[in-house]
2 protein chains.
Amino acid sequence: MGGQPTVSDVADAAGVSRQTVSNVLNTPAIVRPETRERVEAAIRTLGYRPHASARRLRTQKSSTIGIRLDPLTQDGISGSVLDRFLHSLTEQADRKGLRVLLFTAAGPEDEIEQFRRLSDGADVDAFVLTSTFHGDPRTEWLIEHGQSFVTFGRPWGIDDMTDPLHLWVDVDGRAGLRDATRHFLDLGLRRIGYLGWPEGSGTGDDRRAGWLEAMRSARAVDEATLAVLEETAHDGVTFGAAAMRRLADRTEVDAVVCASDSLALGALTASGGRVPVIGYDDTPVAASLGFSSVRQPLDAVAAGVLDLLTGAHGGRVRPESGIDDPRHRLVAPRLVVREGGSLIGGR
Amino acid sequence: MGGQPTVSDVADAAGVSRQTVSNVLNTPAIVRPETRERVEAAIRTLGYRPHASARRLRTQKSSTIGIRLDPLTQDGISGSVLDRFLHSLTEQADRKGLRVLLFTAAGPEDEIEQFRRLSDGADVDAFVLTSTFHGDPRTEWLIEHGQSFVTFGRPWGIDDMTDPLHLWVDVDGRAGLRDATRHFLDLGLRRIGYLGWPEGSGTGDDRRAGWLEAMRSARAVDEATLAVLEETAHDGVTFGAAAMRRLADRTEVDAVVCASDSLALGALTASGGRVPVIGYDDTPVAASLGFSSVRQPLDAVAAGVLDLLTGAHGGRVRPESGIDDPRHRLVAPRLVVREGGSLIGGR
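Throughout what follows, the structure given in this document is the object of discussion. (Residues numbered from 1 in each chain as written. Chains lettered and ligands numbered in written order. Predicted model: local features only at pLDDT ≥ 70, side-chain atom pairs only at ≥ 80, totals over all residues. Heavy atoms only, no water.)

Listed by partner, the interface residues are 36 residues for chain B and 36 residues for chain A. The tally of links between chain B and chain A comes to zero salt bridges. In this structure, the connection of chain B to chain A is made through 12 residue pairs in polar contact (both at pLDDT 80 or more). The set of elements that each furnish at least two residues to the side of chain B that touches chain A consists of α5 (80-95), β2 (98-103), α6 (108-120), α12 (261-270) and α13 (284-289) of chain B. A total of seven residues in the side of chain B that touches chain A trace back to one element, the largest contributor, which is α5 of chain B. (Contact = heavy atoms within 4.5 Å. Salt bridge = Lys/Arg side-chain N within 4 Å of Asp/Glu carboxyl O. Polar contact = N/O pair within 3.5 Å; in protein donor to acceptor, adjacent residues only side chain to side chain. Helix = DSSP H or I, 4+ residues; strand = E, 2+ residues; numbered from the N terminus.)

Have a look at this one:
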């Protein structure tokens, strides 16, 4: 490291947290006067100056957003969703004079190390996080260190997501599966199965809730049947096919809604294209094979992320600020209806 | 712009090109002494200093690579290749302490405008270009302005690509289609069709040459038959299906090799899975449907790009430098053989 003093150096010298240093620089009114003086003295002594590019974010002229590029999955079908989000984010950021800087990380701890390097070096002024999960240490670190950031994904596991500790944007997967299930109900189908992931994934549990809600409010089947109409599998075409065979061996199914296009493709191949399916993510695979899928509005997600980063919130939750704008955006997905996997199986 | 003087300001003041200013800064030995003195005087007068981050590239400590993120295509099947390349590039750049900065552009002229902004602001120290084409104005601009860059894609249209005006990495598509065709020949098939793009695309013509070469060297069919076994179409599943129907209506075909997975999927669906196909790019669609495809070794491409940017050449062709290392890398693709689209058509 060496060279320029950092926020950490100032925090150490003043005996306060990095968050406090950040508050002194950005919202001095909320810091107690004696603390503020101590921090300001440390800033003078060390000759610390907030980097030019970091200042740019605050004046909203030009700035750089850091985002981790997730490793490619073996499966590859659904991985493209985050790539599509990256395209939307980069295009819209460009129009606002913001740049997108990519980095990689082997896991959450490694990603935090990257946050540290990129924010200390003032290479990045704000972060966008994807693939959030229960007890995510990354958001904790960023809050503690006073960094501007927005997550694509909810802060799973808290009670009131409209009053979060950080800004977030997410897609309403529950609404997506509800719409998908209603589509089949409207066609007069009743025994609509659900192929989802094992319990415990926030995203998966949310999508499942949409299927349950639609089935119950339509009184499509009784509760005992509902329990039989559900199968879980890890994500993947082969796993989806196996789950579909278990489901079909056990009971009669009119149609199946799925937590992903991988599971949907598995279900399609296992049934030889005879049972209509709806997937999730509207991947190129769904489009090219012609089966229906729930499409995430990634342009709207990117717009929401940039809105929260550059708007009134400026990328941070400030409890005392009295900002009226909500701290999150929950955007509705759209069901893309297609003829139904006509390329699969005999015609 | 205002603020810091740029290379352009120095060039204007000294009455020379930006390339000459760049040469004075980087390879002063090749500049005539009186020109060098004039440029050095302008540098002093204007108070120009090469930006810290630009200097970092030359000392190879830490640096930023700019790359245009291509817009998503409607089709989406093959577009993922450049996304996969971006993943490889970012991962390998990260390991070398280099960052990847993304931008977008509506066309070549717009991309050049971005080059100008990013190099003037010293936000980016080197560029990576994708999707090169005949008479590409982007490479011309970058050479003229003394920028470090490497293209993923050959400088199509020059006679000797081993002596190029800029550094490049590409995949040997000709070898890929030759291997694909030989695979069918080795199975005893003879009437192997080719589905490609209309003439004039460097990439497409290169792939077609591989099919022709394999067919001719095996004396699989006579020249008249060879002409009948070829069909062209714009890229896309529907276009591929139509081309396959034209081909099958006209003549008997044992198997088909294609310039893309989109065309291959079209061919598969048009034949109901009865004619074996090999696609190109090994997309998630090929993997999930189980048909064979030629895989571009994108990790090797990314390694080659970084090698040319940070190695002896340092991202620039310097005719006088006597560097022994070749100015390009042509990497061989790999044929991924699968059972053959068993998910398509009746089983």
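Residues and elements named next belong to chain A. The interhelical angle for the contact between helix α11 (residues 237-250) and helix α12 (residues 261-270), taken along N-to-C directions, is 50 degrees, at an axis separation of 7 Å. When the axis of α11 is compared with that of α12, the two are oblique. Seen from above, α11 lies across α12 with right-handed handedness. Contacts between α11 and α12 pair Val 237, Gly 240, Ala 241, Met 244 and Arg 245 from the former with Ser 262, Leu 263, Leu 265, Gly 266, Ala 267, Thr 269 and Ala 270 from the latter. Taken together, the residues of the contact of α11 with α12 sort by class into seven nonpolar, four polar and one charged. (Axes fitted to C-alpha atoms, helices over the stretch in contact; angles between N-to-C directions. Parallel < 35°, antiparallel > 145°, perpendicular 65-115°, else oblique. Left-handed = near helix turned anticlockwise from the far one by under 90°. Nonpolar A, V, L, I, M, F, W, Y, C, P; charged D, E, K, R; others polar.)

To continue, consider the pattern of salt bridges. Counted by the stated rule, this structure contains 38 salt bridges over all chains. Between Asp 282 of chain A and Arg 338 of chain A there is a salt bridge, and its shortest N-O distance comes to 2.9 Å. Pair noted here: Asp 282 of chain A is in the loop between β9 (277-280) and α13 (284-289) and Arg 338 of chain A is in the segment after β12 (334-336), with a separation of 56 residues, a long-range link. On the accessibility criterion, Arg 338 of chain A (21% relative accessible area) is partly exposed. The closest approach of N and O atoms between Glu 113 of chain B and Arg 116 of chain B, which form a salt bridge, is 3.6 Å. (Buried < 20%, exposed > 50% of the residue type's maximum accessible area, 1.4 Å probe, protein only.)

Counting 132 residues, the largest nonpolar core has Phe 85 of chain A together with Phe 85 of chain B as the members making the most contacts within it. If we skip the residues at most four places from it in the chain, Phe 85 of chain A touches Ile 67, Val 128, Thr 130, Phe 152, Leu 298, Val 301, Ala 302 and Val 305 of chain A. (Core = buried A, V, L, I, M, F, W, Y, C linked by side-chain atoms within 4.5 Å.)

The two copies are related by a screw motion: chain B maps onto chain A through a turn of 180 degrees and a shift of 0.0 Å along the axis, at an RMSD of 0.1 Å. In the structure described here, the two chain copies are related by an operation that fits a two-fold rotation axis. (Least-squares fit on C-alpha atoms with pLDDT ≥ 70 in both.)

On to the packing of aromatic side chains. What the rule picks out here adds up to 12 aromatic pairs over all chains. Both rings, one in Phe 115 of chain A and one in Phe 127 of chain A, keep their centres 4.7 Å apart while their planes meet at 55 degrees; by these two values the pair is tilted. Taken as a pair, Phe 115 of chain A in helix α6 (residues 108-120) and Phe 127 of chain A in strand β3 (residues 126-130) lie far apart in primary sequence, 12 residues in all. As far as the burial class goes, Phe 115 of chain A and Phe 127 of chain A line up, both buried. Centroid distance Phe 85 of chain B to Phe 152 of chain B: 4.8 Å. Interplanar angle 55 degrees. Geometry classified as tilted. One end of the pair, Phe 85 of chain B, is in helix α5; the other, Phe 152 of chain B, is in strand β4 (residues 148-152), with 67 residues separating them in the sequence. (Phe/Tyr/Trp six-rings, centres within 6.5 Å; stacked < 30°, edge-to-face > 60°.)

Here we have 12 strands laid out as an open sheet, ordered β11(A)-β5(A)-β4(A)-β3(A)-β1(A)-β2(A)-β2(B)-β1(B)-β3(B)-β4(B)-β5(B)-β11(B), and mixed in their pairing. At either end of the open sheet lies a strand with only one pairing partner, and these are β11 (328-331) of chain A together with β11 (328-331) of chain B. Sheet twist, expressed as the mean angle between neighbouring strand axes with direction ignored, is 20 degrees. As paired strands, strand β5 (residues 167-171) of chain B and β11 of chain B are joined by four bridges and run parallel to one another. Bridge assignment links Asp 170 of chain B to a residue of β11 of chain B, and that residue is Leu 330 of chain B. (Pairing = 2+ DSSP bridges.)

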